[in-house]
Protein chains: 2
Amino acid sequence: MSRTSPRTTPARLRELAVSERAELDRLLDEVLIAHVGLSAGRGGPGHDGPGQEDTGREDTGRGNVVVIPTALARDGDSILIHGSTGSGWMRLAADGRPACVTVTALEGIIVARSAFESSFRYRSAVLFGAFSPVPDEAKEHALHIITERILPGRPGELRAPRPRELAATLVLRMPIGEWSLKVSAGWPDDPADDAAGDAWAGVIPLSRPRPGPPEPAPDLRPGIPVPRSVRDAARR
Amino acid sequence: MSRTSPRTTPARLRELAVSERAELDRLLDEVLIAHVGLSAGRGGPGHDGPGQEDTGREDTGRGNVVVIPTALARDGDSILIHGSTGSGWMRLAADGRPACVTVTALEGIIVARSAFESSFRYRSAVLFGAFSPVPDEAKEHALHIITERILPGRPGELRAPRPRELAATLVLRMPIGEWSLKVSAGWPDDPADDAAGDAWAGVIPLSRPRPGPPEPAPDLRPGIPVPRSVRDAARR
């Protein structure tokens, strides 16, 4: 089911609520990270980043919501995230509490003839649901999907995960159930009196993050060629 | 105060918790959008995008956390966001409930010799606090700061906001109080046995979103030149 809640009625023409699941999937499959929001109660989790091996930091602050960036991979009708078993926020997410997963692609600055009408071109999806841990026997496959998503072809170039590594990694899955997608792809929408004036109007497109030339690690042994997955990424 | 939650020894050298306020400000001043998390109770807000004029959509869903992307501007020791007075999530934020504001700059893919060690280069800040409405008499100045932040020099090219526009816009301020900043800027950190193997390791840098050539609006009157603010943006 898609867009089950009435929180998704469109408000403006140029900010279109898109109900096509294919468009949602296209966005989920393009972005590298999502921002995951969780209610954290009175003693919230610390701030981990999007890396795989973040170690949790406990937080004694009063904030009862936490938003964490993390790598995202869609697997059919669900999304996958992963992190260290030691990560505080991952452990919170794993207990099945309500979660909100937001992904955003910022695509341009809409330069209107007034500050009021100026805005962004973007696509943004908000998914509501709850995560549950991927069971041990399915973990390796789920991690394969995540690695493949971030760098297509890379899993086939790597040794298999070790049992110790799998044991140290928490993989969480959330069904794609209640979601909304907003797409702002248009032009400034100035009132007639502004449009008749002398102010310029248009759009400054923003490129999506582009891979640059790969940089070898300082400890890379001589003679090891840049692998195909990395060469392909630089071409995208 | 910064980072009020005690951090133990950094788990990994390459994921550094940075406590310098100047580094936080540098990130806040670079990104165009933040992801704002709010507890939404049983009837949460709808999903608005980062545009200025989003109109709220009410929600009767069960999700009790919502994460929304929105334009961000730092103003000294606080951050500013804005939206329509009709925006459901803006109205929630305005009531002073705990908020979490997360900004992320994704800067590269760390390609390690195993999936386990692979991760991202990034900078990510998490700010905890509460928003309060900017009072009417300070609203125009705050909106100037936001517009200037998104497109430097643009406010000076535009007519002044109209009273109707100011009345329709909610501007919220959150003091920069409790925050953490994580920076991952290093290289793969493979164990010795992997580093002695044949797998490549390095980093694929990711560019930040780059402005492309400005595109005039379809209804732009002939003879209006591209303004300086837009030309300057395309050079950045």
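Refer to the structure above for everything that follows.
The structure presented is a predicted model; accordingly, all values stated were derived computationally and were not measured.

## Quick word on the sheet that holds strand 4 (residues 73-75) of chain B
Residues and elements named next belong to chain B. Ordered by their spatial adjacency, four strands build an open sheet running 4-5-9-8, and the pairing between neighbours is antiparallel. Every other strand in the sheet has two partners, leaving strand 4 and strand 8 (132-133) as the edge strands with one partner each. When strand 4 meets strand 5 (residues 78-84), the two strands line up antiparallel, connected through three bridges. Among the inter-strand pairings, D75 is bridged to a residue of strand 5, identified as S78.

## Thoughts on the pairing of strand 5 (residues 78-84) of chain A
Note on strand geometry: in a regular strand, side chains alternate between the two faces of the sheet. Residue and element names in this part refer to chain A. Within strand 5, seven of the seven residues are buried, which leaves it mostly tucked inside the rest of the structure. Linking strand 4 (residues 73-75) to strand 5, which pair antiparallel, is a turn of two residues; within it G76 sits at a positive phi near 65 degrees. Both strand 5 and strand 9 (residues 169-175) contribute to a ladder of seven bridges, which runs antiparallel. Looking at strand 9, one finds that L80 is bridged to R173.

## Digging into the nonpolar core
Ranked by internal contacts, the top residues of the largest apolar core, which has 74 residues, are L127 and F131 of chain A together with F131 of chain B. If we ignore the near neighbours within four places in the chain, the residues touching F131 of chain B are V36, I79, I81, A93, A94, G96, A99, V101, L172, R173 and M174 of chain B.

## Details of helix 1 (residues 21-28) of chain B
Residues and elements named next belong to chain B. Buried within helix 1 we find L24, D25, L27 and L28. In an axial view of helix 1, the angular spread of the buried residues amounts to 160 degrees, which keeps them on one side of the axis. Elements in contact with the buried residues of helix 1: strand 4, strand 5, strand 6 (98-111), strand 7 (119-130), helix 3 (136-150) and strand 10 (178-184).

## Some words on helix 3 of chain B
When the terminal C-alpha atoms of helix 3 of chain B are compared, their 22 Å separation across 15 residues agrees well with the 21 Å that a helix rising 1.5 Å per residue should span. What helix 3 of chain B keeps buried is the set K139, A142, L143, I145, I146, T147, R149 and I150 of chain B.

## Things to note about the sheet that holds strand 8 (residues 132-133) of chain A
Spatial ordering of the open sheet is given by 4-5-9-8 (chain A), a layout of four strands whose pairing is antiparallel. Each edge of the sheet is formed by a strand with only one pairing partner; in this case those strands are strand 4 and strand 8 of chain A.

## Some thoughts on the side chain of S84 of chain A
All names here are of chain A. Turning to its location among the elements, S84 is positioned in strand 5. When its relative accessible area of 12% is taken as the criterion, S84 is described as buried. Polar side-chain contacts of S84 include one of 2.8 Å to the backbone nitrogen of G86.

## Some thoughts on the environment of R21 of chain B
Residues and elements named next belong to chain B. Tracing the backbone through its elements, the reader meets R21 in helix 1. With relative accessibility at 24%, the residue R21 sits in the partly exposed group. Setting aside chain neighbours within four positions, we find R21 in contact with R74, G76, D77, I176 and W179. There is a polar contact of 2.6 Å between the side chain of R21 and the side chain of D25. At 3.0 Å, the side chain of R21 forms a polar contact with the side chain of D77.

## Here's the deal with the pattern of salt bridges
Inspection of every chain in the model, using the stated rule, returns 46 salt bridges over all chains. Measuring nitrogen to oxygen at the nearest pair gives 2.6 Å for the salt bridge that ties D194 of chain A to R159 of chain B. Placement of the pair is D194 of chain A in helix 5 (residues 192-195) and R159 of chain B in the loop between helix 3 and helix 4 (163-167), with the two residues belonging to separate chains. The buried category is assigned to D194 of chain A, whose relative accessible area is 8%. The salt bridge partner of D25 of chain B is R21 of chain B, with a shortest N-O separation of 2.6 Å. Placement of the pair is D25 of chain B and R21 of chain B together in helix 1, with a separation of four residues, close to one helical turn. Residue D25 of chain B is classed as buried on the basis of its relative accessible area of 13%.

Reading the values: rules and limits
- Residues numbered from 1 in each chain as written.
- Chains lettered and ligands numbered in written order.
- Predicted model: local features only at pLDDT ≥ 70, side-chain atom pairs only at ≥ 80, totals over all residues.
- Heavy atoms only, no water.
- Pairing = 2+ DSSP bridges.
- Helix = DSSP H or I, 4+ residues; strand = E, 2+ residues; numbered from the N terminus.
- Buried < 20%, exposed > 50% of the residue type's maximum accessible area, 1.4 Å probe, protein only.
- Core = buried A, V, L, I, M, F, W, Y, C linked by side-chain atoms within 4.5 Å.
- Contact = heavy atoms within 4.5 Å.
- Arc of directions from axis to C-beta.
- Expected span 1.5 Å × (residues − 1).
- Polar contact = N/O pair within 3.5 Å; in protein donor to acceptor, adjacent residues only side chain to side chain.
- Salt bridge = Lys/Arg side-chain N within 4 Å of Asp/Glu carboxyl O.

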